[in-house]
Protein chains: 2
Amino acid sequence: MGKILLKNIEVQGIRSDILVEGQYIRNVAPAAEMTVIHEGAEVVDCTGKVALPGFINMHTHAGMSMMRGVGEDMAFHEWLASIWEIEKDIDGEYIYHATRMACLEMIKTGTTLFNDQYWHTPMAYKAVTEMGIRAALSYVICDRNDPETSEIQKVECRKLYEESKSWSDTVVFVVSVHAIYSVSESMILWARDFARENGLKIHIHVSETEKEVKDCMEQHGGMSPVEYLDSLGLLGPDVIAAHTIWLSDKDIEILGKRGVTCVHNINSNLKLASGYRFRYNELRDAGANVCIGTDGCGSSNNLDMLEAMKTSAMVQKAWRNDPAAMPVKELFQMSSANGAKALGLNLGEIREGALADIIIIDTDNYHFMSPASFEANLIYSAHSDCVDSVICNGRFVMKNRVVSAEREILDQAKKHLNNIL
Amino acid sequence: MGKILLKNIEVQGIRSDILVEGQYIRNVAPAAEMTVIHEGAEVVDCTGKVALPGFINMHTHAGMSMMRGVGEDMAFHEWLASIWEIEKDIDGEYIYHATRMACLEMIKTGTTLFNDQYWHTPMAYKAVTEMGIRAALSYVICDRNDPETSEIQKVECRKLYEESKSWSDTVVFVVSVHAIYSVSESMILWARDFARENGLKIHIHVSETEKEVKDCMEQHGGMSPVEYLDSLGLLGPDVIAAHTIWLSDKDIEILGKRGVTCVHNINSNLKLASGYRFRYNELRDAGANVCIGTDGCGSSNNLDMLEAMKTSAMVQKAWRNDPAAMPVKELFQMSSANGAKALGLNLGEIREGALADIIIIDTDNYHFMSPASFEANLIYSAHSDCVDSVICNGRFVMKNRVVSAEREILDQAKKHLNNIL
């Protein structure tokens, strides 16, 4: 069983030593006070560095990492049509290379777990496990109201779920329901039952655009998407709802009461002009579990959680006309512990007994030369290149900014780029 | 006279060679077609890299680089009071070290010229010239309606202007008028005349907050800050107005007609909740010269122009509900050529005969692995760590991300940090 001893690393303001043993954080103690046996450990001096739990990107489409800027300057529904046009032609090999590049970007920006929704999942699984980070991968139900497609997707979803039983414990199988406008009611109900019977989480886009809400109200007797999904018995603490931008007070009450996880994807929402008034305070106060995501590179156009955290806070302050909106402490909760909670995983904190997903931040640069807190400087001043090293599941996946497969991944990506043009 | 030959570098989509001779760009030609004599030049192979004009940060307070996060979570006027409290105690030596650190950050993020407004200007001058980039440095008039202070500041301003006549030609002297709420009318008029008599630009904060506009209308018979300044004969193409967030249609007409430069500082505006509806399209169409700035680290909290460009565009798209708002091409204009125009300098473009302020972008990373344009990927996907090398005034100030003074600057900054606590 591998051991890593991180020496003299700051953990919540205290200079500490962290012992990682196997997959887990075995001990966290003030520096040089460690009493557990750490003989045989790889010792890494982390003086001047800070430990944080790895970021958890709770909504993305990793396979879109080579689609940055595709459909630039388009509104949501026009953009989605152009993406669907491209997606018809991509294959598993493309997804493999794109997902590896997405994992490379996530590692370099401090993300150790992502909640994904994309196609060719077995190839994404191959990429993720090779790269050594965690993911929640899904089968994406998206029948576009075609009964024949529904039947095919039921079979495929069941088959992938069976396959997932032999997956590594670093990857969780989730049932994705694309959205109410792209999935038939009968299929939403099927997904609900299938997920609940098998104890799986459900990942769905909800109330992303004003159009989605208007169309839903027209088609479902004045019910909003949240009310409609609640009427179908879909909403619960096992549901991860991406976006939730256009919400009524009643929607917020429902999402809170059901304990739904709501994932805020500010960059995508801004860039596609989907809406920017994410009702963070209200959702949090109602009892929803609020997380942060980047969305896919087709709309965001990167997978940088620190950037998403900063922009989320900045835009909250602005539209609420409240410079104290979305405090730094809560941003860190939203980007780690809340994601772990949503997926029911024992991680998201630097704590004895938790799975060892740790990022090491280098503070020896101009971003941190200020009297402000480490957290404030990390979010408001720094960039993701301050992420010096990344441990996931007890193993280094990046050390001193080096990811061993980087060169090969970029070369392969270059080769496969032509496939989507 | 030093010569640099940048070989195989992309300039506006064409693989080119650029010859820098002395301070100037001597020749730009398709790769290997250069006919001018480049013997004796330092030859740098830039295959896979792109040349851009250095960014021009048109509104900042460099001396605040060690004040990141000071007054966190405060609204503008409360924040400003807390900053003024700190500024009472800072001295020239502090400013020297803070300005060097600001220059370090600007170099590492691709900025080669900044328009500054801060105290202890001779020490800022020393820092800037040592670091090798350009600046517009100013005397800051801020009498807070105290006649005694006015008289002192007139003398000091004249004295600094005289001193500036022996400055390096890489630094321009500008007259700063802090804002209408912090400078008496008689002093605004004095600054106007002093600047015009000596052919100097005027740098002023205008309509940054709603409060500023309301207070002005109360005090000046219903006139907005723009109308008030216009009634004083201040506005013209020699005026650089920072912020201009709260503008009426009439204000925009005036700013356009007078050819004023308006500097958008999105991060500061968001973070202090000053306002986010910067009326870019209207100002541009009216004839104003729109530029981008970061504001000082006290409010922004960094000096990263690429981040400012991205956030500016994202927020425009969102509040205008138009995903095509603020196109990429215009962002580059605002961040280079428009700044050069405002300051009347022969730079801001990669062009024969222009001053050689060139940044070299490395595209061999995941940010650029997409079919989108280089410009779109640089703004929407990449970070400033893609800035590989920086040439200012014909000399490398960063090569392969190494700024020679970096270690010493950080060590000195650490030492001086205590002074502001």
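Below or above, wherever it landed, is the structure these notes cover. Being a predicted model, the structure only gives us computed values, none of them experimental.

### Here we look at the overall build of chain A
Stage number 1. A tally of helices and strands in chain A yields 15 helices and 16 strands.
Stage number 2. Expressed as lengths along the three principal axes of its C-alpha atoms, the size of chain A is roughly 65 × 45 × 40 Å.
Stage number 3. Per-residue burial for chain A yields a buried fraction of 67% across its 421 residues.
Stage number 4. Summarising the internal contacts of chain A: among those between residues at least 6 apart in sequence, 71% fall at separations of at least 24.
Stage number 5. Split by element, the accessible area of chain A, about 14,400 Å² in all, is 49% carbon and sulfur.
Stage number 6. Here chain A contributes 40 positively and 58 negatively charged side chains, and the mean placements of these two sets differ by 3 Å.

### Re the interface of chain B and chain A
Note: interface size is frequently given as the accessible area lost on complex formation between the parts.
Stage number 1. Each partner contributes to the interface: chain B provides 57 residues, whereas chain A provides 57 residues.
Stage number 2. With both sides pooled, the region where chain B packs onto chain A buries about 4,700 Å², and carbon together with sulfur makes up 63% of that total.
Stage number 3. Sorting the residues of chain B by area buried against chain A places B:R68, B:Y366 and B:M369 first, and these three jointly supply 16% of that buried surface.
Stage number 4. For the pair chain B and chain A, the interface holds six salt bridges.
Stage number 5. Scanning the region where chain B abuts chain A turns up 22 residue pairs in polar contact (both at pLDDT 80 or more).
Stage number 6. Residue assignment for the side of chain B that touches chain A shows that the elements contributing at least two residues are α2 (92-108), α9 (266-271), α11 (305-320), α14 (374-381) and α15 (406-417) of chain B.

### What about the environment of A:W84?
All names here are of chain A.
Stage number 1. Counting through the fold element by element, W84 comes out in helix α1 (residues 76-87).
Stage number 2. Sequence separation between W84 and K214 is 130 residues, and the spatial gap between their C-alpha atoms is 22 Å.
Stage number 3. Ignoring sequence-local partners within four residues, the contact set of W84 consists of C142, R144, H178 and S182.

### With respect to the relation of the copies chain B and chain A
Stage number 1. Taken as rigid bodies, chain B and chain A are interconverted by a rotation of 180° and an axial shift of 0.0 Å, the fit giving an RMSD of 0.0 Å. Taken together, these values place the two copies in the relation of a two-fold axis.
Stage number 2. Comparing interface residues between copies, 100% of those in chain B also lie at the interface in chain A; the contact surface is shared.

### Observations concerning the environment of A:W246
Residue and element names in this part refer to chain A.
Stage number 1. Mapped onto the fold, W246 is located in the loop between β11 (239-243) and α8 (249-257).
Stage number 2. Overall, the relative accessible area of 31% leaves W246 in the partly exposed class.
Stage number 3. Once the C-alpha coordinates of W246 and G275 are considered, the two residues, 29 residues apart in sequence, prove to be 7.6 Å apart.
Stage number 4. Apart from the residues lying within four places of it in its own chain, the contact partners of W246 are S207, E208, T209, E210, V213, D251, S274 and G275.
Stage number 5. A distance of 2.7 Å separates the side chain of W246 from the backbone oxygen of S274, its partner in a polar contact.

What counts and how
For every chain, the first residue of the written sequence is number 1, and numbering continues from 1 onward in sequence order. Chains carry letters and ligands carry numbers; both start at the beginning, A for chains and 1 for ligands, and go up in the order they are written. Reporting in this predicted model follows two pLDDT cut-offs: at least 70 for local features of residues, and 80 or more for side-chain atom pairs to be given and counted; totals over whole chains, interfaces and linings ignore these cut-offs and use all residues. Note that water and hydrogens are dropped before the side-chain values are worked out from all heavy atoms of the structure. Strands are runs of DSSP state E lasting at least two residues, helices are runs of H or I lasting at least four, and both sets are numbered from the N terminus onward. Relative accessibility decides the category of a residue: with a 1.4 Å probe and only protein chains considered, values under 20% of the type maximum give buried, values over 50% give exposed, and everything between is partly exposed. A contact between two residues is defined here by any heavy atoms of the two lying within 4.5 Å. Areas reported here follow the Shrake-Rupley algorithm with a probe of radius 1.4 Å; residue values treat only the protein chains shown as occluding. Here Asp and Glu are counted as negative and Lys and Arg as positive; His is not counted, and neither are the chain ends. Positions of charges follow a simple convention, taking NZ of Lys, CZ of Arg, CG of Asp or CD of Glu. What gets called buried area is simply the loss in accessible area from a 1.4 Å probe that two parts show on being joined, summed for both. Every case where a carboxyl oxygen of Asp or Glu lies within 4 Å of a side-chain nitrogen of Lys or Arg is listed as a salt bridge. Polar contact is the term for a pair of N or O atoms within 3.5 Å; when the atoms are in protein, one must be able to donate a hydrogen and the other to accept it, and sequence-neighboring residues count only if both atoms are side-chain atoms. Only residues with pLDDT of at least 70 in both copies contribute their C-alpha atoms to the least-squares superposition of the copies.

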